[in-house]
Amino acid sequence: MQIYLPIAEISVNVLTLIGMGGLVGFMSGMFGVGGGFLMTPLLIFLGIPPAVAVATEANQIVASSVSGGLAYWQRRAVDVRMGLILMTGGIAGSYAGVQLFKLLRELGQVDLLISLSYVLFLSIIGGLMLRESLNAIAATRRGQPLRARRPGAHSWILRLPLRVRFRQSNLYISAIPPLMIGFFVGMMSAIMGVGGGFIMVPAMIYLLRMPTNVVIGTSLFQIIFVTASVTILHSVENQTVDILLAFLLMVGGVIGAQFGAIVGQKLRGEQLRALLALIVLGVGVKLFVDLISQPEELFSVTRMGFGG
Amino acid sequence: MKQSFRHWVTLALLVFAASSSAVHANTIVADLSKDHISIKSNFAGEKLLLFGAVDTTQEGPIEDIVVVLRGPGENFTLRKKQKKVGIWVNGAAYNLGPLPGFYAISSTRNVAEMAPQDELIKLGIGTDGLEMNFLSPTLNAAERREAMAGFLRLKQARALYAQEQNGVKLIGGRLFRAEINLPSGMPVGTYVTEFFAFQNGRLVGYQTGELPVDIVGAGSLLHKAAYEMPLAYGVFGVVMACFMGWGVAILFRRR
């Protein structure tokens, strides 16, 4: 069954979209990662204009982070004060990201910005995940427990001025690092259509030294507001949010995530993580190959004033 | 069923009109199978039937018929990719327009054989006449040709530009019909239909009409809202997402 997407301006099969949402949702539920960094490239491969894919995916992530974050909220595993500070930085970052996006869109370079950001981040994340999971597999084979590594935090960063007490995290640190981390992730969110949890969570653990039990809940908490801000800003500045597309992805995504979480609890992690790492790397490689190989058609056309 | 009945009535009237007005200056009468196109959410393209009748003149029966369906004019930005530091990036940008967002032409035979080239360009028949519409004046002739060819390739690939040399069928020397494919990515707006009858290289009959194309239903509402009240549209997207996420979380908790 074909459906005409009013903003993307193409017809796509409904079941393909719901299926994609379900698959990515399932994986994100199983691995405990957001699905944005897989869904946005998949939408682009499907033929959705990249600018629409990014903005629409931000809208979908609002739904998946609300549904995921609710459980942490009820368990009180959210550091609200930290979340609000990250969110403040994040909303500012999303504003900067959307403005950059708009500027490059007018110059016809936004597709390049999106592709390059993805190639960069997917190869870094995929590479790190693969290394981590291979180490874990090797450690299990040797019968050794894997010790969590905690690189020395640069504590002077945390001792900058504007110190705030975070009761939930049992920290008394400067608000500047979380503001900056929030800003960076907010910008990424606007440019790539991701929640940014895969950057936010390690940053909270290793840079801010937050206790792990509040990290995911706090990350999800601020992702809700930052992706909401990205959705609204892209709607206003670029008119690239396709609500119908977002809705169909949500239907598949939120349901897939629930089943993924159930399955994820029953399966052993390391092999699956290695698989996810390979998928992430594969998508990155595909985007990279698309950038370096000569396109069949050198020309592209848009309505004047619509850069992407 | 109802629609095809309507066609036959129209066609019968057309034949009557054509045969009764022997001294009438216009020798072509035509109509479409639809008076408007509605792009619904399940729109996956459709066929438009264009049909009518031609008179016989003193010089004999008319055999050269051209039908044109032209979408609303728009300005386009055409970009050409170049290799820079190993990757393909958008380089030169040309602005062109106004050019039709949709252009389909169908004829009984190759239009070049029907009338002189300058006459065809003057009448806007065929894509050759579009070449004049460059907004970037700095291009040389070769660059213009290359860019225009690229533009036409892109439009043809999405079935937005189409040319069929034997698409118009003449029936009994008097009735004619042609089908034009309307693809799912067609732009909205008021389209123009044109019917030309040629005889011995001269235009002997002409008729024009309009065909409105718009998005209807939920898609139309969303499209309108996105462009006309973007803030409310974005907020709506967020609110919907919150309810969806919340609803599903509740649903799965209960089980």
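Residues numbered from 1 in each chain as written. Chains lettered and ligands numbered in written order. Predicted model: local features only at pLDDT ≥ 70, side-chain atom pairs only at ≥ 80, totals over all residues.

1. Notes on the overall build of chain B
Of regular secondary structure, chain B possesses 5 helices and 14 strands. The buried share of chain B, reckoned over its 255 residues, is 34%. Considering only intrachain contacts with a sequence separation of at least 6, the fraction spanning at least 24 residues in chain B is 69%. (Helix = DSSP H or I, 4+ residues; strand = E, 2+ residues; numbered from the N terminus. Buried ≥ 20, exposed ≤ 12 C-beta atoms within 10 Å, placed from the backbone. Contact = placed C-beta atoms within 7 Å.)

2. A closer look at the overall build of chain A
Looking only at helices and strands, chain A features 11 helices and 5 strands. In terms of principal-axis extent, the alpha carbons of chain A reach across some 55 × 45 × 40 Å. Considering chain A as a whole, with its 308 residues, one finds that 55% of them fall into the buried category. Considering only intrachain contacts with a sequence separation of at least 6, the fraction spanning at least 24 residues in chain A is 81%.

3. Side note on the nonpolar core
A:Leu5, A:Met250 and B:Ile65 are the most contacted members of the largest nonpolar core, which totals 148 residues. In terms of residues, this core owes the most to one element, helix 9 (residues 212-237) of chain A, which gives 13 residues. What A:Leu5 contacts, discounting residues up to four positions off in sequence, is A:Ile10, A:Val12, A:Asp242, A:Leu244 and A:Leu245. (Core = buried A, V, L, I, M, F, W, Y, C linked by C-beta atoms within 7 Å.)

4. A word on helix 4 (residues 217-228) of chain B
An α-helix turns once per 3.6 residues; consequently, residues spaced three or four apart project the same way. Residue and element names in this part refer to chain B. Between its first and last C-alpha atoms helix 4 spans 16 Å; for 12 residues at 1.5 Å apiece the expected length is 16 Å, and the two agree. Along helix 4, the residues classified as buried are Gly-219, Leu-222, His-223 and Ala-226. Viewed end-on, helix 4 has its buried residues packed into an arc of 100 degrees, placing them on one side of the element. (Expected span 1.5 Å × (residues − 1). Arc of directions from axis to C-beta.)

5. Side note on the packing of helix 1 (residues 14-31) of chain A against helix 10 (residues 243-266) of chain A
Residue and element names in this part refer to chain A. Where helix 1 contacts helix 10, the two axes come as close as 5 Å, and the packing angle between them is 35 degrees. The two elements helix 1 and helix 10 cross, and the hand of that crossing is right-handed. A breakdown of the residues in the contact of helix 1 with helix 10 according to their chemical character gives 21 nonpolar, 12 polar and no charged. (Axes fitted to C-alpha atoms, helices over the stretch in contact; angles between N-to-C directions. Left-handed = near helix turned anticlockwise from the far one by under 90°. Nonpolar A, V, L, I, M, F, W, Y, C, P; charged D, E, K, R; others polar.)

6. Considering the sheet that holds strand 3 (residues 46-54) of chain B
Residue and element names in this part refer to chain B. Read from one edge to the other, the open sheet built from 4 strands follows the order 1-3-12-11, with strand pairing classed as antiparallel. At either end of the open sheet lies a strand with only one pairing partner, and these are strand 1 (28-32) and strand 11 (169-171). Neighbour-to-neighbour, the strand axes of this sheet turn through a mean angle of 25 degrees, independent of strand direction. Note that strand 11 and strand 12 (residues 175-182) share 3 bridges and pair antiparallel. Within strand 12, the residue paired with Ile-171 across the bridge is Leu-175. (Pairing = 2+ DSSP bridges.)

7. So, the domain arrangement of chain B
Residue and element names in this part refer to chain B. When the domains of chain B are assigned, the result is domain 1 (2-215) and domain 2 (216-255). With 6 residues of domain 1 in contact, the opposing surface of domain 2 contributes 6 residues. Elements supplying a minimum of two residues to the side of domain 1 that touches domain 2: strand 2 (37-39) and strand 14 (202-215). When its residues are assigned to classes, the side of domain 1 that touches domain 2 shows 2 nonpolar, 2 polar and 2 charged. (Domains from an automatic or database assignment.)

8. Some remarks on the packing of helix 3 (residues 50-74) of chain A against helix 9 of chain A
Residue and element names in this part refer to chain A. Packing of helix 3 against helix 9 leaves a shortest axis separation of 8 Å and a crossing angle of 155 degrees. It follows from the interaxial angle that helix 3 and helix 9 lie roughly antiparallel. Seen along the crossing, helix 3 lies across helix 9 with a hand that is left-handed. Here Ala-55, Ala-58, Asn-59, Ile-61, Val-62, Ser-65, Val-66, Gly-68, Gly-69, Tyr-72 and Trp-73 of helix 3 lie close against helix 9, whose contacting residues are Ile-216, Gly-217, Leu-220, Phe-221, Ile-223, Ile-224, Thr-227, Ala-228, Val-230, Thr-231 and His-234. Per-class residue counts for the contact of helix 3 with helix 9 are 14 nonpolar, 8 polar and no charged. (Parallel < 35°, antiparallel > 145°, perpendicular 65-115°, else oblique.)

9. Overview of the interface of chain B and chain A
Every contact between the two is made by 50 residues of chain B and, on the other side, 47 residues of chain A. Those elements that provide at least two residues to the side of chain B that touches chain A are strand 7 (73-84), strand 8 (87-100), helix 3 (141-157), helix 4 and helix 5 (230-254) of chain B. Considering only residue class, the side of chain B that touches chain A consists of 29 nonpolar, 16 polar and 5 charged. The pairing of strand 5 (residues 299-303) of chain A with strand 7 of chain B spans 5 bridges and is antiparallel. The residue of strand 7 of chain B that forms the bridge with A:Thr302 is B:Thr77.

10. Quick look at the sheet that holds strand 8 of chain B
An order of 5(A)-7(B)-8(B) is seen for the 3 strands of this open sheet, with the pairing classed as antiparallel. Each end of this open sheet is capped by a strand with a single partner; those strands are strand 5 of chain A together with strand 8 of chain B. Direction aside, neighbouring strands of the sheet carry axes that sit 25 degrees apart on average. Its contacts with the sheet put helix 3 of chain B on strand 5 of chain A together with strand 7 and strand 8 of chain B, and the angle it makes with strand 5 of chain A is roughly 70 degrees.

11. Topic: the pairing of strand 13 (residues 189-199) of chain B
The side chains of a regular strand alternate, residue by residue, between the two faces of the sheet. Residues and elements named next belong to chain B. Across 7 bridges, strand 6 (residues 64-70) lies against strand 13 in antiparallel orientation. Its bridge partner being in strand 13, Asp-64 is matched across the sheet by Phe-198. Direction of pairing for strand 13 relative to strand 14: antiparallel, over a ladder of 11 bridges. Along strand 14, the bridge assignment pairs Ala-197 with Gly-205.

12. Focus on the pairing of strand 6 of chain B
Summarising burial for strand 6 of chain B: 7 of the 7 residues are buried, a large majority. Here strand 6 of chain B shows a buried face lined by B:Asp64, B:Val66, B:Val68 and B:Arg70 and a second buried face lined by B:Ile65, B:Val67 and B:Leu69.

13. Quick notes on unusual backbone geometry
At A:Arg76, a position not held by glycine, the phi torsion is positive, near 55 degrees. Relative to the assigned elements, A:Arg76 resides in the loop between helix 3 and helix 4 (80-106). Despite not being glycine, B:Asn200 shows a phi value in the positive range, around 50 degrees. Exposure remark for B:Asn200: the 12 C-beta atoms within 10 Å place this residue in the exposed category.

14. Observations concerning the confidence of the model for chain B
Residues and elements named next belong to chain B. Predicted confidence across chain B gives a mean pLDDT of 85, with 86% of residues reaching 70 or more. Across chain B, the element-wise mean pLDDT spans from 54 in helix 1 (residues 2-20) up to 95 in strand 9 (residues 103-107). Confidence drops under pLDDT 50 across residues 18-24; counting only partners more than four residues distant or on other chains, this segment forms 3 contacts. At the level of chain-chain contacts, confidence expressed as ipTM amounts to 0.88, with global pTM at 0.83. (pLDDT = per-residue confidence, 0-100.)

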